[in-house]
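Structural overview for review
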Amino acid sequence: MKTAQEYKDSIRAMKQVVYAFGEKVEQVADHPTFAPALNAIALTYELAGEKENEGLMTVKSPFTGKLVNRFLHICLSPDDLIKRCELGKFLTPFHGACVGARCAGTAALNALYATTYDMDEKLGTDYHQRFLRFLTHAQDEDLTCSGMVTDAKGDRSLSPAQQADRDVYLRVKEVREDGIVVRGAKAHQSGAPLAHFNIVAPTTSMRENEKEFAVAFAVPANAPGVIHIAEAPAPNARRLFSRDVMDFGNHEYGVHGSTLTVFDDVFIPREMVFLCGECEFTGPLASTFGAFQRLATSGCKSGHCDLTCGAAAVAAEYNGCEKMGHIRDKVVEMSFQSALAFGTAVAAGYKARVTSSGVCVPNDLLVNAAKLQAVEAVWSASKLATEIVGGVICTAPSQKDFDNPEIAGYVDKYFRGKADVSTADRVRITRLVEYLVGQGSIIPTESTHGGGPAAVQRLMIRQTNNLNYFKTRAKRMAGIKDR
């Protein structure tokens, strides 16, 4: 498997077309709004190489017989799903940000494995064999694969075929004997230019008149015609104007590196096409992807809550209030909310359903409940941590204030907490909490929408909660006869 440095060097050599804040990026690995995300993904290589992480970070591939990174593994048992959930909870306190390129990539790999198998069984196509060749290549080379699902969508009240501009849903412009040409875009793609391959899949089910939008494929992040446009949340702008470590809270990793990825008539070789026009399979593909991504997100966000809890506890110590009853209660509440999300996600893996391909898919009801709870846990932790830290979370000085001899003494004197804790350390932990609760990052918002917004989870819960069965049981218990 690759080392962290080998991964970084391979991305540096790709020469992707990337723009950030209106300017072309010459080297994405060095840019302040991408380098932290590169560091976070590199962690998945570094930690996989450590002996104590075997079994969690790595697993023996049933296809190559070799040890592979778990982000490239196909989940063929409930234990695989539970380990995938544990992986997110384990990793997040190391980086506090996102390894989205690999995270969503795992969901895309598993969803395509299951869906291409079903297509070949029913239609006699060779999609599954194509996909297996790609999968074994990715495992052999230890590649980072991002998952691309979300389309630009245009007018949300209209279906893909009804849009004034059909390109707002990624579509097939031309079918050739040796491949296809695609046009459109995928939005909110975490780490896409930092992946070796982007794995593209439909965002929703398509109707028979929408075959051009029913497409799935793998494409290098530097393929001709692929353009990555960095999204620009407010916290990223701070990094453009400062290199002072103290000012970011999470200096080394704290950027998601998301882009709008444009496909400007991109050619996809036939061997890399895994679905093209088979509308009936787009719904199952999107649904399976969603289940895997919600499982991963629930574990990840539980780990984020754990980190927020730890940072808030340190801030309480530095403020001298760690023994106050209401502070202890808040810390316990954060831990409780985190555990509830993680436990529900683990249960979703344990109660998985097995597809005809052998892929285990998280239990629909439980995995959607886990995702909803994970979002609640993140927002709750943000509120409670803000209460614990106090008003300094939005009034803390910058590192330049500490460096200016004319005011440094005042800053050090009046921003101090406990006498035996340096003012600089108090500000550093405050900045980390500022980052974790969303004032210095996109984390709470990303938690809400990553893996699908709450309305989608509630819809899935309504469809899978077996309410009619429980209504029948209730009527029988009450002695009511069915009419």
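Structure's up top.
Every chain's residues receive numbers from 1 upward, in the order its sequence appears when written. Per-residue local features are limited, in this predicted model, to residues with pLDDT of at least 70; the limit for side-chain atom pairs, both in listing and counting, is 80 or more; totals at the level of whole chains, interfaces and linings are taken over all residues. Values reported for side chains reflect all heavy atoms of the structure, with hydrogen atoms and water molecules removed beforehand.

Right, let's get into the sheet that holds strand β8 (residues 197-200). Note on pairing: DSSP must find at least two bridges between two strands before they are called paired. Helix numbering and strand numbering both begin at the N terminus, where a helix is a DSSP run of H or I of at least 4 residues and a strand a DSSP run of E of at least 2. Pairing is mixed across the open sheet formed by 4 strands, whose spatial order is β5-β8-β9-β12. Of all strands in the sheet, those bounded by a partner on one side alone are β5 (145-148) and β12 (273-276). Pairwise comparison of adjacent strand axes, ignoring direction, gives a mean angle of 20° for this sheet. One ladder, built from 4 bridges, connects β8 with strand β9 (residues 215-220); its direction is antiparallel. Across the sheet, the residue bridging to Asn 198 is Val 219, located in β9. Lines fitted to C-alpha atoms define the axes here, with helix axes fitted over just the stretch in contact, and angles between the N-to-C directions of these axes take values from 0 to 180 degrees.

What follows concerns the nonpolar core. Remark: nonpolar core denotes a set of buried residues (Ala, Val, Leu, Ile, Met, Phe, Trp, Tyr, Cys) joined through side-chain atoms within 4.5 Å. Burial status follows relative accessibility: with a 1.4 Å probe on protein chains alone, a residue under 20% of its type maximum counts as buried, one over 50% as exposed, and anything between as partly exposed. In terms of nonpolar packing, the biggest core is built from 67 residues, with Phe 217 and Phe 263 touching the most fellow members. By residue number, the principal contributor to this core is helix α4 (residues 100-123), which donates 9 residues. Ignoring sequence-local partners within four residues, the contact set of Phe 217 consists of Leu 170, Val 182, Asn 198, Ile 199, Val 200, Phe 263, Ile 268, Met 272, Val 273 and Phe 274. Membership of the second largest hydrophobic core comes to 43 residues, among which are Leu 47, Ala 311, Ile 393 and Val 433. Contacts are assigned to residue pairs with any non-hydrogen atoms lying within 4.5 Å of each other.

Turning next to the packing of aromatic side chains. Two rings from Phe, Tyr or Trp (for Trp, the six-membered ring) form a pair when their centres are within 6.5 Å of each other. A pair whose planes differ by under 30 degrees is stacked, one over 60 is edge-to-face, and the rest are tilted. Counted under the stated rule, the structure contains 10 aromatic pairs. Ring centres 5.4 Å apart and planes at 85° place the aromatic pair Phe 131 and Phe 274 in the edge-to-face group. Highlighted residues: Phe 131 in helix α5 (residues 127-141) and Phe 274 in strand β12, separated in sequence by 143 residues. Centre to centre, the rings of Tyr 469 and Phe 470 are 5.2 Å apart; their planes meet at 75°, and the pair counts as edge-to-face. Ring pairing ties together the aromatic residues Phe 63, Tyr 113, Phe 131, Phe 134, Phe 197 and Phe 274, which thus form one cluster. A ring has a charge above it when a Lys NZ or an Arg CZ is no more than 6 Å from the ring centre and no more than 35 degrees off the ring normal. Arg 102 extends its terminal NZ or CZ atom over the ring of Tyr 45, reaching a point 4.5 Å from the ring centre. Positioned over the ring face of Phe 248 is Arg 239, at 4.6 Å from the centre of the ring.

Let's shift gears to the sheet that holds strand β6 (residues 171-176). Across the sheet, which stays open at both edges, the 6 strands sit in the order β2-β1-β10-β11-β7-β6 with mixed pairing between neighbours. The open sheet terminates on both sides in strands that have one partner only, identified here as β2 (23-24) and β6. Alignment of β6 against strand β7 (residues 179-190), held across 5 bridges, turns out to be antiparallel. Bridge pairing in β7 links Val 175 to Ile 180.

So, on to the packing of α4 against α5. In a pair of packed helices, the angle between the axes and the distance between the axes together describe the arrangement. Closest axis-to-axis distance for the α4/α5 pair is 7 Å, and the angle between their directions is 150°. Between α4 and α5, the crossing angle belongs to the class labelled roughly antiparallel. Of the residues in α5, those in contact with Leu 109, Leu 112, Tyr 113, Thr 116, Tyr 117, Met 119 and Asp 120 of α4 are Tyr 127, His 128, Gln 129, Phe 131, Leu 132, Phe 134 and Leu 135. In this classification, the charged set is Asp, Glu, Lys and Arg, the nonpolar set is Ala, Val, Leu, Ile, Met, Phe, Trp, Tyr, Cys and Pro, and all remaining amino acids, among them Gly, are polar. Of the residues that constitute the contact of α4 with α5, the class distribution is 10 nonpolar, 3 polar and 1 charged. Note on terminology: angles under 35 degrees are roughly parallel, angles over 145 are roughly antiparallel, angles of 65 to 115 are roughly perpendicular, and the others are oblique.

What follows is about unusual backbone geometry. Here His 188, not a glycine, exhibits a phi torsion of approximately 60°, which is positive. Along the chain, His 188 turns up in strand β7.

Here the focus is the state of the cysteines. Any covalent bond linking the sulfur atoms of two cysteines counts as a disulfide. Throughout, disulfides are identified as pairs of cysteine sulfur atoms within 2.5 Å of each other. Taken as a whole, this structure holds 0 disulfides when the rule is applied. Cysteine Cys 98 is unpaired, with the sulfur of Cys 300 as its nearest cysteine sulfur at 6.6 Å. Cysteine Cys 321 shares no disulfide, and the gap to the nearest cysteine sulfur, in Cys 309, comes to 14 Å. Note on Cys 321: relative accessible area 11%, which makes it buried.

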